[in-house]
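# Survey of secondary and tertiary structure
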Amino acid sequence: MKTFSFQYRQAVEADSTEQRLVHVRQMQQGIVAAQQAPMRDDLAEQFIEGFQRVAAKLDGIELALLNGQLAQAEQKLQQIDRLRIEYHQLRKRSFWQWLFGDRS
């Protein structure tokens with residue numbers, strides 16, 4: 001996901017629509033790869049939902065960029081950042097899980 005974060009930052013800082021499209025498409029490929037990675041069983045449903053939400057936003061950004069709607073694309077990029085924060089919390093293990101391990 002570090003690559004995804006890098007591509008996100010590059011898309012936000014891009015000077016042209018073409019550059020943003022390149023980074024958005026690379027993020028789309030990253031989502032496909034992340035969906036195939038192993039997930040914790042207890043959170044798999046939430047991760048899948050998160051991937052689907054991010055993928056839908058990326059599709060919307062790509063469409064907005066292709067249609068020249070830069071403001072809408074930027075707004076959706078900000079929404080992706082909020083989703084990243086929301087779902088990143090799921091990935092973190094609590095102190096007790098680190099100390100005692102998963103006892104599911």
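Residues numbered from 1 in each chain as written. Predicted model: local features only at pLDDT ≥ 70, side-chain atom pairs only at ≥ 80, totals over all residues. Heavy atoms only, no water.

### Regarding the overall build of the chain
Assigned secondary structure in the chain consists of 5 helices and 0 strands. Helices (α) and strands (β) of the chain occur, in sequence order from the N terminus, as α-α-α-α-α. A separation of at least 24 residues holds for 61% of the contacts in the chain among residues at least 6 apart in sequence. A total accessible area of about 7,200 Å² is found for the chain, and carbon and sulfur atoms account for 52% of it. (Helix = DSSP H or I, 4+ residues; strand = E, 2+ residues; numbered from the N terminus. Contact = heavy atoms within 4.5 Å. Areas by Shrake-Rupley, 256 points an atom, 1.4 Å probe, with all protein chains shown as cover.)

### Remarks on the environment of H88
With respect to the secondary-structure elements, H88 resides in helix α4 (residues 70–91). Here H88 falls in the partly exposed class, since its relative accessible area comes to 29%. (Buried < 20%, exposed > 50% of the residue type's maximum accessible area, 1.4 Å probe, protein only.)

### Considerations on the nonpolar core
Counting 21 residues, the largest nonpolar core has F4, M27, L58 and I61 as its most contacted members. Broken down by secondary-structure element, the contributors of at least two residues to this core are α1 (2–13), α2 (17–36), α3 (44–66) and α4. With 7 residues, α3 is the largest single contributor of residues to this core. Look past the residues within four positions of M27 in its chain and what remains in contact with it is F4, Q7, Y8, A11, L58 and L77. (Core = buried A, V, L, I, M, F, W, Y, C linked by side-chain atoms within 4.5 Å.)

### Comments concerning the packing of α2 against α3
A pair of packed helices is captured by two measures, namely the crossing angle of their axes and the spacing between those axes. Packing of α2 against α3 brings their axes to within 10 Å, and their N-to-C directions diverge by 160°. Looking at the two axes, α2 sits roughly antiparallel to α3. Seen from above, α2 lies across α3 with left-handed handedness. Of the residues in α3, those in contact with T17, R20, L21, V24, R25, M27, Q28, I31, A34 and Q35 of α2 are F51, Q52, V54, A55, L58, D59, I61, E62, L65 and L66. Partitioned by chemical class, the residues of the contact of α2 with α3 number 12 nonpolar, 4 polar and 4 charged. (Axes fitted to C-alpha atoms, helices over the stretch in contact; angles between N-to-C directions. Parallel < 35°, antiparallel > 145°, perpendicular 65-115°, else oblique. Left-handed = near helix turned anticlockwise from the far one by under 90°. Nonpolar A, V, L, I, M, F, W, Y, C, P; charged D, E, K, R; others polar.)

### Some thoughts on the environment of M27
Relative to the helices and strands, M27 is located in helix α2. Assessed through its relative accessible area of 0%, M27 is described here as buried. Between the alpha carbons of M27 and Q7 there is a distance of 6.3 Å; along the sequence they are 20 residues apart.

### Digging into the side chain of Q7
For Q7, the position within the fold is in helix α1. Residue classification places Q7 among the buried positions, given a relative accessible area of 9%. One polar contact links Q7 to H23, side chain to side chain, over a distance of 2.7 Å. In this structure, Q7 is in contact with H23, Q26 and M27, ignoring residues within four places of it in sequence. (Polar contact = N/O pair within 3.5 Å; in protein donor to acceptor, adjacent residues only side chain to side chain.)

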